[in-house]
Amino acid sequence: MVRGVLSGNTTLLSKTITLIESTLKSDIEKGNEVLEQCLKKKNNSIRVGITGVPGVGKSTFIETLGKQLIESGNKVAVLAVDPTSNQSKGSILGDKTRMESLVREKNAFIRPSPSSKSLGGVARKTREAIILCEAAGYNIVLIETVGVGQSEIAVHGMTDFFLLLKIAGAGDELQGIKRGIIEMADAIVINKSDGKNIKNTKLAAIEFRRALDLYPLKMDGWKPKVATCSSLDSKSVLSIWKIIEDYVKAMKQTSLLYKKRELQNKNWLLETIEEQLKINFYDNKKVIAALNSYIAKVIDKEISPFKAAEELLKLSEED
Ligand SMILES: Nc1nc2c(ncn2[C@@H]2O[C@H](COP(=O)(O)OP(=O)(O)O)[C@@H](O)[C@H]2O)c(=O)[nH]1
Ligand SMILES: [Mg+2]
């Protein structure tokens, strides 16, 4: 498997990602071993997160961008992070995540969102998939995620550049947009700037630029860019890629790109520990046996939540 991934064999890459997505103990051990080997491979990749509400054009943007990047000699991996993808009616990312024309390119690799009960699980598997794709020679990794809930925070924590796609509305562009997302974005792009929409999107861009002026510079000194784009037009999409290239160049000059990744790796370690502690706790037989009665006692105010937690944690540490 390691040899297959390192040689860029896509069948084996897919199989290895399936392996790391498995929850079987023996698979997890095997998967970790493969990952360990793959982490050693040096790469000069660029990782880009792309977020926005359903229908804003993320998949279309990625498809147009991916084809252009491949044309200029890159290998492009596309991953999706959609914590809803395993719930009954399926994914908010939509069917276009299949990206029919990009998928036919030899130098493109597209992987739908892993299914997992928790966002933490989805995020961990996606991080591991990034490592495997990079080891397989994909030098650009694009990650599509939905603009709802916590998934952006997770994707922001595993990418170099975070792009927020928007569409122009009725002039109240900033309403309904969460402050946290604006603070995470390295660029805000008003998409569907074509046909009758051009004027609206330009106005929206002005409004966003004005709003962003009120925010302090990011810690890395980068001022988030605002631009318009039509994902149906490759030249337009490439102008957005230029912003990303400028960012990467600036961050490499100051080594901040590597610092950011170091910090992300540190967080990855800490999150993995937290997740494992949680799993161990809730899988503990004594905890399973006692949890419901503690919950009932807390509801009946027989015991405080703090005291109950303390006792349950103590139970979980007994042998
Ligand atoms: N006119 C126009 N339509 C677009 C553009 N980008 C996406 N669309 C259309 O918007 C719809 C949703 O696009 P999709 O990429 O699936 O959005 P996602 O849910 O954000 O991934 C599709 O019908 C696209 O063809 C654009 O730049 N201009
Ligand atoms: Mg989509």
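Everything discussed here concerns the structure shown above.
Residues numbered from 1 in each chain as written. Chains lettered and ligands numbered in written order. Predicted model: local features only at pLDDT ≥ 70, side-chain atom pairs only at ≥ 80, totals over all residues. Heavy atoms only, no water.

1. Describing a nonpolar patch on the surface
Taken together, Leu269, Leu270, Ile273 and Leu277 make up a surface patch of nonpolar side chains, about 370 Å² in accessible area. Looking at the secondary structure, you find Ile273 in helix α10 (residues 256-283). Residue classification places Ile273 among the partly exposed residues on the basis of a relative accessible area of 41%. (Patch = residues over 30% accessible without salt bridge, like charges linked within 9 Å, V, L, I, M, F, W, Y side chains within 5 Å. Areas by Shrake-Rupley, 256 points an atom, 1.4 Å probe, with all protein chains shown as cover. Salt bridge = Lys/Arg side-chain N within 4 Å of Asp/Glu carboxyl O. Helix = DSSP H or I, 4+ residues; strand = E, 2+ residues; numbered from the N terminus. Buried < 20%, exposed > 50% of the residue type's maximum accessible area, 1.4 Å probe, protein only.)

2. With respect to the pattern of salt bridges
Inspection of the entire model under this criterion finds twelve salt bridges. In this structure, the salt-bridge partner of Arg111 is Glu21, at a minimum N-O distance of 3.2 Å. Of this pair, Arg111 sits in strand β3 (residues 108-111) while Glu21 sits in helix α2 (residues 10-21); the two residues are 90 residues apart in sequence, bridging distant segments of the chain. Residue Arg111 is classed as buried on the basis of its relative accessible area of 15%. Each member of the salt-bridge network shares a partner with another, and the members are Arg124, Glu128 and Glu275.

3. Examining the environment of Val81
Mapped onto the fold, Val81 is located in strand β2 (residues 76-81). The spatial distance from the C-alpha of Val81 to the C-alpha of Glu152 is 8.8 Å, given a sequence separation of 71 residues.

4. Let's talk about the nonpolar core
By size, the foremost hydrophobic cluster in this structure holds 42 residues, and its most contacted members are Leu13, Ile17, Leu132, Cys133, Ile143 and Ile188. Per-element accounting of this core gives the leading share, eight residues, to helix α5 (residues 119-135). Dropping the residues within four chain positions of it, Leu13 is found in contact with Val5, Phe109, Leu132, Cys133, Ala136 and Tyr138. One finds Ile46, Ile62, Ile70 and Leu163 within the second-largest nonpolar core, a separate group that totals 34 residues. (Core = buried A, V, L, I, M, F, W, Y, C linked by side-chain atoms within 4.5 Å. Contact = heavy atoms within 4.5 Å.)

5. With respect to the site of ligand 1
In the vicinity of ligand 1 there are 17 residues, among which Gly55, Lys58, Thr60, Asp194 and Ser231 approach most closely. Contact distances for ligand 1 include 3.4 Å between an oxygen atom and a backbone N or O atom of Val56. Contact distances for ligand 1 include 2.5 Å between an oxygen atom and a side-chain N or O atom of Thr60. Here ligand 1 has 580 Å² of accessible area as a free molecule, and 74% of this is covered by the chains. Counting residues per element, the shell around ligand 1 draws most heavily on helix α4 (residues 58-71), at three residues. Its residues assigned to classes, the shell around ligand 1 comprises five nonpolar, seven polar and five charged. (Near = heavy atom within 4 Å. Polar contact = N/O pair within 3.5 Å; in protein donor to acceptor, adjacent residues only side chain to side chain. Nonpolar A, V, L, I, M, F, W, Y, C, P; charged D, E, K, R; others polar.)

6. Let's talk about the packing of aromatic side chains
Enumeration over the complete set of coordinates arrives at four aromatic pairs. Summarising the aromatic geometry, the rings of Phe109 and Tyr138 are spaced 5.8 Å apart at their centres and angled 45 degrees between planes, so their arrangement reads as tilted. Here Tyr138 lies in the loop between α5 and β4 (140-146) and Phe109 lies in strand β3, a separation of 29 residues in the sequence. Classification of Phe109 by relative accessible area gives buried; the value is 5%. When its relative accessible area of 2% is taken as the criterion, Tyr138 is described as buried. Aromatic side chains Phe161 and Tyr247 sit 5.1 Å apart centroid to centroid with 80 degrees between the ring planes, which places their arrangement in the edge-to-face category. (Phe/Tyr/Trp six-rings, centres within 6.5 Å; stacked < 30°, edge-to-face > 60°.)

Fair warning: the whole summary comes from geometry, so function is off the table for now.
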